[in-house]
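Understanding the architecture of this molecule
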Amino acid sequence: MTVELPTGVLDEAGPVGEERGPSLSPSRAADFKTCPLLYRFRAIDRIPEQPTPDQARGTLVHAVLERLFDLPAGERTPESAEASLEPEWRRLVEEAPELADLFATPEATAEWLGSARELLEGYFTLEDPQRLEPAERESMVEVTVGDGLRLRGIIDRLDVSPAGDIRVVDYKSGGAPREAFEARALFQLKFYALVLWRTRGVVPKVLRLLYLSDREACDYAPDLEELKRFERTLVALWQAIERATQRREFRPKPSRLCDWCRHQALCPEFGGTPPPFPEPTAAGEPATAHPQEGAEDRPG
Ligand code: SF4
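Criteria and thresholds
- Residues numbered from 1 in each chain as written.
- Predicted model: local features only at pLDDT ≥ 70, side-chain atom pairs only at ≥ 80, totals over all residues.
- Near = placed C-beta within 6 Å.
- Nonpolar A, V, L, I, M, F, W, Y, C, P; charged D, E, K, R; others polar.
- Helix = DSSP H or I, 4+ residues; strand = E, 2+ residues; numbered from the N terminus.
- Expected span 1.5 Å × (residues − 1).
- Bend = angle between axes of the 7 residues up to and from the residue.
- Buried ≥ 20, exposed ≤ 12 C-beta atoms within 10 Å, placed from the backbone.
- Contact = placed C-beta atoms within 7 Å.
- Axes fitted to C-alpha atoms, helices over the stretch in contact; angles between N-to-C directions.
- Parallel < 35°, antiparallel > 145°, perpendicular 65-115°, else oblique.
- Left-handed = near helix turned anticlockwise from the far one by under 90°.
- Pairing = 2+ DSSP bridges.

Before going further, it helps to spend a moment on the site of the ligand. The local shell around the ligand holds 14 residues, among which Cys35, Pro252, Cys258, Cys261 and Cys267 are the closest. Among the residues forming the shell around the ligand, the class breakdown is 10 nonpolar, two polar and two charged.

The structure is reproduced here in structure tokens:
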């Protein structure tokens, strides 16, 4: 899952400070693949990113959909989901009061809540939650691969059939064009599939992306060989991150995703200058030994 919110609001990797060694979330891994400099800004410089209305809406819709399955099956209706929208928003604002600053007027908040309502309507065109009984929601998963690299993240929903088949479901609620982030979304789901296979010994049968704005579901069926290759890719990616850290060399990699990058002002591709590279910790560890795993972003 996935929204950049202030630390502590929705941290996919758990509380900062619990780290026991290098770890990587799908968001940060995808950041490095997308643009090494973006990874540096987020994981090493830890430059704060204020949430955008789109990101906050993603968090809100995810929260409503998660709570929806707390209800008895017969009560999981569009009306129930809509009724929980404002209470969930108030709860999120209580947890992170700065979210309220996203909107200048009550009218702007109401309009934005209306757009969240539309996403929920989109959800009900894709699934009938009365016919589903998720095995897990907002499930934190973690595994150690290679020479001690921990992979971890939070899965929106896991459905398990009576035969034991696993379906990984991820809600996509962003306002950006879906094509721009499709590869990133699939990367994220393969990451989860790998962790599930390594921890539970079962290759998920289906990886499902639910695009709430487009009202479209995309299914992908991974296979074991693919996941083994993917694991090698992630280990190699981490080695590349470690090399870049030792050399202090995180190059910008411009792409159409720059349009959504929050750090253009610091990026040489846009005439900016990155801040000085953070010094190693007192223990002599490189800056990425315990990268801050920010909240998952839900750009697509
Ligand atoms: S603006 Fe583009 S090139 Fe620069 S850091 Fe962001 S994603 Fe990378």
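What follows concerns helix 4 (residues 78-95). Its 18 residues give helix 4 an end-to-end C-alpha distance of 26 Å, which sits within 8% of 26 Å, the value for a rise of 1.5 Å per residue. Maximal helix bending in helix 4 amounts to about 35 degrees, located at leucine 85; proline proline 87 follows within four positions. Among the residues making up helix 4, those that are buried are Ala81, Ser84, Glu88, Trp89 and Leu92. Buried residues along helix 4 sit in contact with helix 3 (53-68) and helix 5 (106-126).

At a minimum axis distance of 11 Å, the contact between helix 1 (residues 26-34) and helix 7 (residues 224-247) shows a crossing angle of 70 degrees. As summarised for this structure, helix 1 and helix 7 are arranged roughly perpendicular, according to the angle between their axes. Considering only the axes of helix 1 and helix 7, their crossing is left-handed. Facing Ala29, Phe32 and Lys33 of helix 1, the residues of helix 7 in contact are Leu234, Leu237 and Ile241. Class assignment of the residues belonging to the contact of helix 1 with helix 7 gives a composition of five nonpolar, no polar and one charged.

It is worth spelling out the pairing of strand 2 (residues 136-145) at this point. Successive residues of a regular strand alternate their side chains across the two faces of the sheet. Here strand 2 pairs with strand 3 (residues 149-160) via nine bridges, running antiparallel. Counted as the bridge partner of valine 141 is glycine 153 from strand 3. Here strand 2 folds back onto strand 3, and the loop between the two strands holds three residues, one of which, glycine 146, carries a positive phi near 55 degrees.

Next up on the list: the packing of helix 1 against helix 6 (residues 178-200). Running from N to C, helix 1 and helix 6 point in directions that differ by 135 degrees, and their axes come no closer than 10 Å. In terms of orientation, helix 1 and helix 6 fall into the oblique class. Once helix 1 is placed against helix 6, the crossing between them reads as right-handed. Between helix 1 and helix 6, the contacting residues are Pro26, Ala29, Ala30 and Thr34 on the first element and Arg184, Phe187, Gln188 and Phe191 on the second.

Turning to the environment of tryptophan 89, a few remarks are in order. Among the structural elements, tryptophan 89 can be located in helix 4. Between the alpha carbons of tryptophan 89 and alanine 63 there is a distance of 9.0 Å; along the sequence they are 26 residues apart. Once you skip the residues sitting within four places of it in the chain, tryptophan 89 turns out to touch Leu60 and Leu113.

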